[in-house]
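Each chain, letter by letter, is given below.
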Amino acid sequence: MRFNINRRERKNMNLPRRFVYLTALTTLGCHAQEELPGMVKMCLFYPNESGHARSDPILKQDGPSDHVHTFYGPQNFHPDTTYEQLRDTKPEFSSSPIVENQSLYWHPSIYRVTEENGESVYSRANNLESSPYYRWNMDTLPATVAFPPGFRMIAYSDDAGADAGGETGGNMLVECCDFLKNGEEDCVITGGNPLIFPTTACEGLGIAFAMPTCWDESKGIGTDDPFGHVAYTTDGAVGGPCPSGFNKRIPQVHLFVRIKNYQGGVYQLADGNDKFHVDFMNGWQEGKLLEIMQGCEPSGEEGYNPPCGCNQFLTENTDYAKPLCDEEVRQHMIDEATDVVNILPRASNSNAGVVPKTWEDDEDPPFVCAESDATMFIKKFEVKIKKKKTTFIPKVVMFVRDDLNTSFEGAEVTIYYEYEKGNGKMKEKSISKITNDEGKVVINLGKIPKGTPVTIELEYITKEGDYVYDGTKNEQNDDGCPVFSSECSVVTCDENSCEY
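The following refers to the structure shown.

Parameters at a glance
- Residues numbered from 1 in each chain as written.
- Predicted model: local features only at pLDDT ≥ 70, side-chain atom pairs only at ≥ 80, totals over all residues.
- Heavy atoms only, no water.
- Pairing = 2+ DSSP bridges.
- Helix = DSSP H or I, 4+ residues; strand = E, 2+ residues; numbered from the N terminus.
- Contact = heavy atoms within 4.5 Å.
- Buried < 20%, exposed > 50% of the residue type's maximum accessible area, 1.4 Å probe, protein only.
- Patch = residues over 30% accessible without salt bridge, like charges linked within 9 Å, V, L, I, M, F, W, Y side chains within 5 Å.
- Areas by Shrake-Rupley, 256 points an atom, 1.4 Å probe, with all protein chains shown as cover.
- Salt bridge = Lys/Arg side-chain N within 4 Å of Asp/Glu carboxyl O.
- Lys, Arg positive; Asp, Glu negative; His and termini not counted.
- Charge placed at Lys NZ, Arg CZ, Asp CG, Glu CD.
- Disulfide = S-S within 2.5 Å.
- Phe/Tyr/Trp six-rings, centres within 6.5 Å; stacked < 30°, edge-to-face > 60°.
- Lys NZ or Arg CZ within 6 Å of the ring centre and 35° of its normal.

### Here we look at the sheet that holds strand β22 (residues 412-420)
Step number 1: Taken in spatial order, the 5 strands line up as β23-β22-β26-β28-β29 in an open sheet, and their pairing is antiparallel. A strand with exactly one partner marks an edge of an open sheet, and here the two such strands are β23 (426-434) and β29 (498-499).
Step number 2: Summarising the sheet, β22 and β23 pair through 9 bridges and their orientation is antiparallel. The partner of Y419 across the bridge, within β23, is K427.

Next comes the structure, spelled out in structure tokens:
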């Protein structure tokens, strides 16, 4: 299916602009399983993964897992990792945007497959974004409870009941989206089971998968069997009936993963499967999730996708970790290459072993590779105003650098702007430009009527390879707030001046 989605509708969903790709069906009103009134949705936006390794702390604590996984949350994704270690993770050692939630989420790593000199080359997808959405309804039976300490689960896209519910009538979808000049997005959306990667390129590929919400408490917390203690509802709804014997309900964990600048061609999962799966290992501070569930009131908007809420209960992690370097994964976890390889590492073809942990439970992990040379930010920013008789032309000028003050040539910078036209309608547009060898980009916004304020936002800065944009390091305004950061995301200009 192909859809055009208006950017203004995305704003109404309270999503950061970097996640505009990932919720196409919500705004289009596509068929979803009906939900009872009282649904709450909490959205946690992870700016990057925490790393990649052939590790699975749920299934294999004493050795490498069968295939490579991509992790979100704590950088401590060593096979020998416990709930207590996750829970006690310091924010600077986690990609979680929330201090109180150090849960670990992972899925099979995604590889692009090409051929070179007659050999297959597998290049791992890096610099990913993710969002675990949490959904619950405290008015349904069986009662919804918070994940107990140590809880873990694994769900596959072909599990019983996984083909019902969600936004499309199933709990998984894949969407490939491009920006259009008229301020909309053009998205091709498919179901997710089996998982078929699009062969055409797009600006963002999103994969979404929702986990089960019914729990059989008598089967434990998933320590011995991380599959059988949970199940999907019988009708697919988050608040729908649970199968017989499943006496408790847990919040739905709905994981979105996004590959930026999806290149098309051939992609595959690290396990060679066409069934997607997600692992979840609880790392919430004890009592915090229950506090949120009991205190966060529903928005009043019915359906599967009410507005994101509950932020007042959460503490933002302003010092989140970048992806752990592959060198440190090899030094401290499993010593094998997983980034660009000719053969995908599997238990059947690799004799790599687990590197024993060198740090105690009460010690910080010995990770020092910060990848600072791969962090992009805006070193210098300015909006120049050129006045005409009845109009003015804002010109955005910025220089993109890294922590070593190296110019980022070839980075794509996309600016979004809008203003109200004389007929009361809004003019919206996105413009993309590529930085030159000085890391400089100049974007002219065109003629705007005098007396009309225009708002300017940065949609994204991206560059092919292992590069991460960090808006907290951008040039600061007069109040000390980094321009285009989450705290100062909008610049407003008229013909006389701009407010950053």
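Anyway, onward from the coordinates.
### A look at the side chain of T89
Step number 1: Relative to the elements of secondary structure, T89 occurs in the loop between α3 (83-87) and β5 (104-108).
Step number 2: Setting aside anything within four residues of it in sequence, one finds T89 in contact with P74, S94 and Q102.

### Some words on the environment of E203
Step number 1: Here E203 lies in strand β12 (residues 202-210).
Step number 2: Sequence spacing of E203 and D178 is 25 residues, and the spatial spacing of their C-alpha atoms is 5.0 Å.

### Side note on the pairing of strand β10 (residues 172-179)
Step number 1: Of all 8 residues in β10, 7 are buried, a share of seventy percent or more.
Step number 2: With 6 bridges connecting them, β10 and β12 associate as antiparallel partners. Pairing of V174 across the sheet is with I207, part of β12.
Step number 3: Sheet topology note: the β10/strand β11 (residues 184-191) ladder contains 7 bridges and is antiparallel. Its bridge partner lying in β11, E175 is registered against I189.

### As for a negative patch on the surface
Step number 1: Side chains of D80, E84, E360, D361, D362 and E363 sit close together on the surface and give a patch of like negative charge.
Step number 2: Its location among the elements puts E84 in helix α3.

### A few points about the state of the cysteines
By definition, a disulfide is the covalent link that joins the sulfur atoms of two cysteine residues.
Step number 1: Enumeration over the complete set of coordinates arrives at 7 disulfides.
Step number 2: The residue that forms a disulfide with C214 is C242, at a sulfur-sulfur distance of 2.1 Å. Here the S-S torsion is close to -85°, and the disulfide linking C214 with C242 is therefore left-handed. Residue C214 is found in strand β13 (residues 214-215), and its partner C242 is found in the loop between β14 (230-231) and β15 (248-249); the two are separated by 28 residues along the sequence.

### Quick look at the packing of aromatic side chains
Step number 1: Inspection of every chain in the model, using the stated rule, returns 18 aromatic pairs.
Step number 2: Taken together, a centroid distance of 5.1 Å and an interplanar angle of 75° make the contact between F381 and F484 edge-to-face. One end of the pair, F381, is in strand β20 (residues 375-387); the other, F484, is in the loop between β27 (468-469) and β28 (490-493), with 103 residues separating them in the sequence. With respect to class, F381 is no different from F484; both count as buried.
Step number 3: Site record: aromatic cluster; members linked through ring pairs are Y46, Y105, Y134, F147, F151, W215, F280 and W284.
Step number 4: Lying across the ring of Y304, R135 places its NZ or CZ 3.8 Å from the centre.

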